[in-house]
Amino acid sequence: MSQSEPHSARDRILVAASTLFCRHGFSSTGVDTVIERAGTAKATLYKHFASKQDLIEAVLEAEGAAWRSWFFGKLARIQAPADKRMLAVFDVLEEWFADPGFYGCPFINAVAEFETGNDAVRQAAEKHKAHLMTWLTAQAIELELPDVKEVARSFAVLIDGAIVAAQHTRDPSFARTARVLAEQLLDRTIPH
C-alpha cells in the first residue's frame, strides 16, 4: 500500500524497510541497506528497533494495519447482500494486484521465508489472517450457511492462492479466476 511521506526517523526507517523487505525479501535485506535508503544512522535504527527481528515485526504490523484499513475500507463501501460482498473481495484484490507497487502479501512472503522457525512472524501472520477470517465468517453467518467456518476457510484458500499466483505471474486476472470459483462455492452452499 502506498504510504504518505514519512516525517520521523522511525517512520523513514519503517517505510524504507517495508519497501525493501517487500521487494527483495526479509532475509536478503540487511540493516545497512535499510539505513542507507532511510537516510539515517545505524544507531538511529537501533534506537528505535533493538534488532532486525524487531524491525521485521514492526514492518509487518504497519503493513498489515495499512492493508486492512484500505481493504476493509473498500469492502465497507459495498452496499449489497453478504454473498455479493464476499465476491467483491476478489474485485478489491484485483485492484491491489494491478497496482505497480504490488509485491504480494508481506505475511505470506515472510512465513515462506522463515518457514516455521520464527514464531513471531507466524503469530503476526495469524493475527493478520484472523481479521479476514472474522470478516468472512460474519458474511457466511449472515447468509445462514450450514458450515460458516469451512466457507470462510475456502475463501481464505482462494484469496491466498490468487495473491501468490498474481505475485508470481504479475497477472491481476487471477483475482477473477478465484472469484469464479468462489461464486461456484457459494452457489453450491447457499440454501435455496
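Here the structure is a predicted model, which means the values were calculated and not measured.

Scoring rules and cut-offs
- Residues numbered from 1 in each chain as written.
- Predicted model: local features only at pLDDT ≥ 70, side-chain atom pairs only at ≥ 80, totals over all residues.
- Heavy atoms only, no water.
- Salt bridge = Lys/Arg side-chain N within 4 Å of Asp/Glu carboxyl O.
- Helix = DSSP H or I, 4+ residues; strand = E, 2+ residues; numbered from the N terminus.
- Buried < 20%, exposed > 50% of the residue type's maximum accessible area, 1.4 Å probe, protein only.
- Core = buried A, V, L, I, M, F, W, Y, C linked by side-chain atoms within 4.5 Å.
- Domains from an automatic or database assignment.
- Contact = heavy atoms within 4.5 Å.
- Phe/Tyr/Trp six-rings, centres within 6.5 Å; stacked < 30°, edge-to-face > 60°.

Draft legend 1. Spotlight on the pattern of salt bridges. If you walk through the whole model with that rule in mind, you get eight salt bridges. When the shortest N-O distance is used, the salt bridge between Glu61 and Lys127 registers 3.4 Å. Here the residue Glu61 occupies a position in helix H4 (residues 52-76), and Lys127 occupies one in helix H7 (residues 119-142), the gap between them amounting to 66 residues. Among the ionic pairs, Asp160 bridges to Lys129, the shortest N-O distance being 2.6 Å. In this pair, Asp160 is assigned in helix H8 (residues 148-169) and Lys129 in helix H7, connecting sequence segments 31 residues apart. Classification of Lys129 by relative accessible area gives partly exposed; the value is 25%.

Draft legend 2. Spatial organisation of the nonpolar core. Val34, Leu55, Phe90, Leu93, Phe97, Phe155 and Leu186 are the most contacted members of the largest nonpolar core, which totals 62 residues. Elements with a minimum of two residues in this core: helix H1 (9-24), helix H2 (31-38), H4, helix H5 (82-98), helix H6 (106-114), H7, H8 and helix H9 (174-189). Inspection of this core shows a minimum of three residues originating in each of domain 1 (1-60) and domain 2 (80-189). For Leu186, the residues in contact, after removing those within four places along its chain, are Asp83, Met86, Leu87, Leu143, Leu145, Val151 and Phe155.

Draft legend 3. Representation of the packing of aromatic side chains. In total, this model carries 10 aromatic pairs according to the counting rule given. Residues Trp67 and Phe71 carry aromatic rings whose centres are separated by 4.3 Å and whose planes lie at 15 degrees to one another, so their mutual orientation is stacked. Taken together, the positions of Trp67 and Phe71, both in helix H4 and four residues apart, correspond to about one turn of that helix. Assessed through its relative accessible area of 9%, Trp67 is described here as buried. Aromatic side chains Trp96 and Phe102 sit 4.9 Å apart centroid to centroid with 80 degrees between the ring planes, which places their arrangement in the edge-to-face category.

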